[in-house]
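# Observations on chain architecture
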Amino acid sequence: MNPEQLRQALRASRTEIAFKQAVIDKLTHENAILKRLKFAAKSEAYSAEQKSLLDETLDSDLAAVAAEIEGMQPAAKAAGEKHAPKREKLPANLPRREVRHEPEDTTCGCGTPMQRIGEDVAEKLDYQPGVFTVERHIRGKWVCKCCEKITQAPVAPHVIDKGLPTTGLLAQVLVAKYLDHLPLYRQEAIFERAGHLIARSTLAQWVGECGVQLQPLVDALAAELLRQPVLHADETPVAMLKPGHGKTHRAYLWSYCTTPFNPIKAVVFDFADSRGGQHVRGFLGLPGTNDKPGWQGKLVTDDFSGYKACFELGVTEVGCMAHARRKFHELWVNHGSQVGEQALKFFGALYDVEREVADADSQTRLEARRRSRPVADALHQWMRQQRQKIPDGSATARAIDYSLNRWVALTRFLDDGDLPIDNNWVENRIRPVALGRQNWLFAGSLRAGKRAAAIMSLIHSAKLNGLDPYAYIREVLERLPTQPASRITELLPHHWQPTNSV
C-alpha cells in the first residue's frame, strides 16, 4: 500500500470513528434523559395503570439504548474485565430439563483419547403457557493427559448475551405484549401464578434488548415491501404518555401492506408522534435522490390530506370505493335516504363482480371488470344529475362530492387487474391494533412506539402468512444470532422455512 492509499485509509478510519462517537454521544444523551424521566415521572399525576405502563416503557427504552451503545463500542472488553452482575438462582422446585453439550471429537490431536474432568452448568428459564421449567445446559470439560489440552463445546449464541430466558420465554413475552395487548405488569401477575415471579423491570429489559436485535429484520421487511408496485396505507390514533406533562398526547400508528392479490403477504407499521404527511413521505423515501429514488408505485388510500403531497411526487393515487360507499350507506341507515339507497345498488353491482374474481389472476380480474365499467359510468352520470338537484352543504351533497372529486382515483382499479377496489385490506390489518389501543400508552420518546411498531410488523406479517406468531418469533430469536446479514431475508415471514422442515 503506497503512502497516498495509507492516508486515504487513515482519513476513512477517522471519519468512521467520528461518526460512531457521534452516535454514541447521542445515545448516551438519550440514556441520561430517560433516566431523568424515570425518576421525575414519580411525581406525575398518572393513574396506577398508566404509571405501571410508563415504568415498563422507560425500562425497555433504557435497555434498548444500552444495547445500542454496547453495539457501537469500538472494541469489547476482555472477558476478565467485564463485570458480570449477580443473578439469583432459579427456584429448586421448578422442573429441570438437561441439555448436554459435548465436543464432537474427544480425541486429542496427538491421537490420545481425552478424559472428562468436569462440566459447566448454565440454567435458563423456559416457559410454556402456564408452566415454567428450567433448561440446564451442561457443557462437559475434556482434557488430554498427554498434552494437557482442554476442550469443551462452545457456548451457543443467544439473542440476549448470557441471558436468563430461553427464546421460548422471550417469544411469549413479545407475543403477549404486542399481539394479545397484555402490558408487562399483567404478565408479571400471570407468571407469578405460574410459579415464578419475574419483575416487570426485568421483562421490560428483555423487550428492549429484543427490539434492538429484531430491528435489522424489520428493516429488511420494509425494504422488500417498498419493492412492490402497489401498496395500501392507513393510519390510526393511539395515546402516548408524555412525562413532564402529566397527560396523554395523540400519536399515530401508520400501516403499509401489500394487496390481497400479491403473493408476498407483508405489513409494516410505523409509529409517529403526529399525523403529518411528512411521515408517510419519509417511509416511502420521497422525494428521493438520483442515488436513492423514492417509491413510485400505486398507493391505495382514503382521502386524508396527508397523502396528497405523495401524489405530487410521482406516486399514483388509487381511491377507496368502500369509503365512497360508506357515506351513502350512512345516509340510508340514518335518514332512510332514497339517494343513498339507489347509490348502494350501484356499489353492490360493482362489488358483486369483485367477489367473483377475488381469487382469480390479474388478467381474469381485468377481463371481468369490463362488466363493471358500464355500471361505474352509470353511477358517475347519476351522481352528476343528483348533485344538480341538491343544495350545497347537505350530507347528501357531501357524499356525492366525495365521489365526484375523486372519480379518477376511485375507478383506476377498472383498468388494472392488480389494483384492489378499496382499502379494506389494510383496515383489517390495523383493526386488531385499534381493539387493543387502551393498552397503547407510550413514553414521551418515539423509541417505545417505534419498537412496538417494529415487533408488531413481524408478528402480524407472520399471521398474514398463516404462521403461528409464537413459534415464528421463537425460532427467529433462536436463529438470529448466527444468521449472516446477507441472508437476513430468509427469516422474513413470507420466506420462512422452519428448521424442522428443511
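Now for a look at the structure at hand. (Residues numbered from 1 in each chain as written. Predicted model: local features only at pLDDT ≥ 70, side-chain atom pairs only at ≥ 80, totals over all residues. Heavy atoms only, no water.)

In this section: the packing of helix α5 (residues 200-225) against helix α16 (residues 469-479). For the pair α5 and α16, interaxial distance at closest approach is 11 Å and the crossing angle is 90°. Put simply, α5 runs roughly perpendicular to α16. Mapping the contact onto sequence places C210, L214 and L217 in α5 and Y472, V476 and L477 in α16. Class assignment for the residues of the contact of α5 with α16 results in six nonpolar, no polar and no charged. (Axes fitted to C-alpha atoms, helices over the stretch in contact; angles between N-to-C directions. Helix = DSSP H or I, 4+ residues; strand = E, 2+ residues; numbered from the N terminus. Parallel < 35°, antiparallel > 145°, perpendicular 65-115°, else oblique. Contact = heavy atoms within 4.5 Å. Nonpolar A, V, L, I, M, F, W, Y, C, P; charged D, E, K, R; others polar.)

Moving on, we get to the packing of aromatic side chains. Under the counting rule described, the total for this entry stands at 10 aromatic pairs. Residues W254 and Y307 carry aromatic rings whose centres are separated by 5.9 Å and whose planes lie at 80° to one another, so their mutual orientation is edge-to-face. Of this pair, W254 sits in strand β6 (residues 247-257) while Y307 is found in the loop between β8 (298-300) and α7 (308-311), placing the two residues 53 residues apart along the sequence. By the burial criterion, W254 is buried, and Y307 matches it. Centroid distance Y256 to F283: 4.0 Å. Interplanar angle 5°. Geometry classified as stacked. Placement of Y256 in strand β6 and of F283 in helix α6 (residues 277-284) is noted, with a sequence separation of 27 residues between them. Summarising the burial analysis for this pair, Y256 and F283 share the class buried. Within the aromatic cluster, the residues linked to one another by ring pairs are Y127, F132 and F191. One Lys or Arg, R275, reaches over the ring of F304 and ends 3.9 Å from the middle of that ring. One residue, K327, lies across the ring of Y402, its end atom 4.8 Å from the ring centre. (Phe/Tyr/Trp six-rings, centres within 6.5 Å; stacked < 30°, edge-to-face > 60°. Buried < 20%, exposed > 50% of the residue type's maximum accessible area, 1.4 Å probe, protein only. Lys NZ or Arg CZ within 6 Å of the ring centre and 35° of its normal.)

With that out of the way, let us pick up the pattern of salt bridges. Taken as a whole, this structure holds 28 salt bridges when the rule is applied. The closest approach of N and O atoms between E123 and R136, which form a salt bridge, is 3.1 Å. Within this pair, whereas E123 is found in strand β2 (residues 115-128), its partner R136 is found in strand β3 (residues 131-143), the two being separated by 13 residues in sequence. Across the pair R200 and E188 runs a salt bridge, and its minimum N-O distance is 2.6 Å. One end of the pair, R200, is in helix α5; the other, E188, is in helix α4 (residues 184-193), with 12 residues separating them in the sequence. A relative accessible area of 29% means that R200 is categorised as partly exposed. A single network of salt bridges, built from pairs that share partners, joins R96, E98, R100, E102, R116, E119, E123 and R136. (Salt bridge = Lys/Arg side-chain N within 4 Å of Asp/Glu carboxyl O.)

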